[in-house]
Amino acid sequence: MYIKVRGDFLDKEDNLHLRKKGEVMEVDEKRGKQLIALCLADETEMPAQAPEKQTDF
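Residues numbered from 1 in each chain as written. Predicted model: local features only at pLDDT ≥ 70, side-chain atom pairs only at ≥ 80, totals over all residues. Heavy atoms only, no water.

Q: Looking at this structure, how should I read the pattern of salt bridges?
A: Two side chains that carry opposite charge are able to pair once their charged atoms sit near each other. Scanning the entire structure with this criterion turns up 7 salt bridges. In this structure, Asp11 engages Arg19 in a salt bridge whose closest nitrogen and oxygen atoms are separated by 3.3 Å. Judged by relative accessible area, Arg19 falls into the buried class, the value being 11%. As a salt-bridge pair, Glu29 and Lys33 come within 3.9 Å of each other at their nearest N and O atoms. With Glu29 and Lys33 both in helix 1 (residues 29-37) and 4 residues apart, this pair spans about one turn of that helix. (Salt bridge = Lys/Arg side-chain N within 4 Å of Asp/Glu carboxyl O. Buried < 20%, exposed > 50% of the residue type's maximum accessible area, 1.4 Å probe, protein only. Helix = DSSP H or I, 4+ residues; strand = E, 2+ residues; numbered from the N terminus.)

This is the structure in structure tokens:
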């Protein structure tokens, strides 16, 4: 499941790593629902893949 962070918070399950607003994370279903219930995140679709760079010589 992919979630998008709604506001900055310290992630206790990841050694107090600072999660910033707008960051997209992949988490398991249980953890995602927990963060959504705490109003720390919203469920989102799979993030778009960055387009490959094209170099013309």
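Q: Would you mind going over the side chain of Asp11 with me for this structure?
A: Position of Asp11 relative to the elements: it lies in strand 2 (residues 9-11). On the accessibility criterion, Asp11 (2% relative accessible area) is buried. Among the polar contacts listed, one links the side chain of Asp11 to the side chain of Arg31, at a separation of 2.3 Å. Leaving out residues up to four positions away in the same chain, Asp11 has contacts with Leu16, His17, Arg19, Met25 and Arg31. (Polar contact = N/O pair within 3.5 Å; in protein donor to acceptor, adjacent residues only side chain to side chain. Contact = heavy atoms within 4.5 Å.)

None of this, on its own, says anything about what the molecule does.
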